[in-house]
Amino acid sequence: METPTQNVNETTVDLGQEKEKEAAQEEERATAAKETIIDIPAACSSASNSSSYDTDCSTASSTCCTRQGEHIYMQREAIPATPLPESEDLGLLKYVHRQHWPWFILVISIIEIAIFAYDRYTMPAQNFGLPVPIPSDSVLVYRPDRRLQVWRFFSYMFLHANWFHLGFNIVIQLFFGIPLEVMHGTARIGVIYMAGVFAGSLGTSVVDSEVFLVGASGGVYALLAAHLANITLNYAHMKSASTQLGSVVIFVSCDLGYALYTQYFDGSAFAKGPQVSYIAHLTGALAGLTIGFLVLKNFGHREYEQLIWWLALGVYCAFTVFAIVFNLINTVTAQLMEEQGEVITQHLLHDLGVS
């Protein structure tokens, strides 16, 4: 009788253990059925999807997947926005920068034509090609003996010797100045032009200290040199850089060649009118090149261009400061010598008994 009792007890224990196991499994299933957040890569079609995952691959930030009755929310990595290609950005910049109207070049050309026409109308009648007799006491002409009248360093650009002189400068500054102003704006081209005019009178006052100066050639050559600066800065982003460079070189070569011929080989050039001021041309070009590197827009921003910027600033400041100091010293010295000369003359006259 002991054996059946023992079997019943063992069966009862086995049934209790099976119930406990079933309860534990149900708890595990209930825990596994809860929502779980996991991170997965952005690509849903990778090889990891072969492990019984049914995934709805979409562009949403999260995706609901099922695996054996489990609901799993998979967090998808955010896909960064694709930036616009560099060519499209550059095209947009060029479109924006080409909205400038060439106000400065047009206005300054009209003023120069109007002043020359007024001088031509008020002067005595003469042949069309002969130079207009500009009075030496004009408030606009640059005079080395009146350096303290600072406006003369700029105002001489409104006066021209004849129609050919005026027409030549107007045509060149329209042809080369308008494209620059359309791309870079009125303020930048105005600064370059006026810097060339100022440099032309400064350079002439240092080298040819007895020359009276008229004409806008300093500003014109500043625009030509600014084209070289623009090509250097933005060559890779220009469609016709080689054409522009060739046109500048051809014009400068022809102008210098004609100027050299009229001065050294054409004996009648002196009778035709005032001579060309090479110093005003050269110093105007130097100012246009250096100021062009400083103020023109740069679409490339390469590393070595920062060195060019500082070099251009140093060259322009050095020449400008030297010329200004030279003019101040020369002016003060001339005034002192004039005063001392008058004193010495008075003493001589007094010693001779004249006064």
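Residues numbered from 1 in each chain as written. Predicted model: local features only at pLDDT ≥ 70, side-chain atom pairs only at ≥ 80, totals over all residues. Heavy atoms only, no water.

J.: How would you sum up helix H3 (residues 103-122)? Please name residues and give values.
T.: The first and last C-alpha atoms of H3 sit 29 Å apart over 20 residues, in line with the 28 Å expected at 1.5 Å per residue. If you check which residues of H3 are buried, you get Phe 104, Ile 105, Ile 108, Ser 109, Glu 112, Phe 116, Asp 119 and Arg 120. Within H3, the buried residues cover an arc of 125° as seen down the axis, which keeps them to one side. Pointing more than 90 degrees away from the buried face of H3 are the exposed residues Trp 103, Ile 110, Tyr 118 and Tyr 121. Contact partners of the buried residues in H3: helix H5 (163-184), helix H6 (186-207) and helix H7 (217-234). (Helix = DSSP H or I, 4+ residues; strand = E, 2+ residues; numbered from the N terminus. Expected span 1.5 Å × (residues − 1). Buried < 20%, exposed > 50% of the residue type's maximum accessible area, 1.4 Å probe, protein only. Arc of directions from axis to C-beta. Contact = heavy atoms within 4.5 Å.)

J.: Provide a residue-level description of the pattern of salt bridges, including the pertinent values.
T.: If you walk through the whole model with that rule in mind, you get one salt bridge. Residues Arg 143 and Asp 145 are paired through a salt bridge, measuring 2.7 Å at the closest nitrogen-oxygen approach. A residue is classified by how much of its surface remains accessible, and Asp 145, at 51% relative accessible area, is exposed. (Salt bridge = Lys/Arg side-chain N within 4 Å of Asp/Glu carboxyl O.)

J.: Any details on the nonpolar core? Residues and values, ideally.
T.: Counting 32 residues, the largest nonpolar core has Ile 108, Met 157, Ile 189, Ile 192, Tyr 193 and Leu 296 as the members making the most contacts within it. For this core, the secondary-structure elements that each account for two or more residues are H3, H6, H7, helix H10 (278-295) and helix H11 (304-351). If one sorts the elements of this core by residue count, H6 sits on top with eight residues. Ignoring sequence-local partners within four residues, the contact set of Ile 108 consists of Met 157, Phe 158, Gln 173 and Tyr 193. Counting seven residues, the second-largest nonpolar core is a separate cluster that includes Ile 172, Phe 176, Leu 224 and Phe 251. (Core = buried A, V, L, I, M, F, W, Y, C linked by side-chain atoms within 4.5 Å.)

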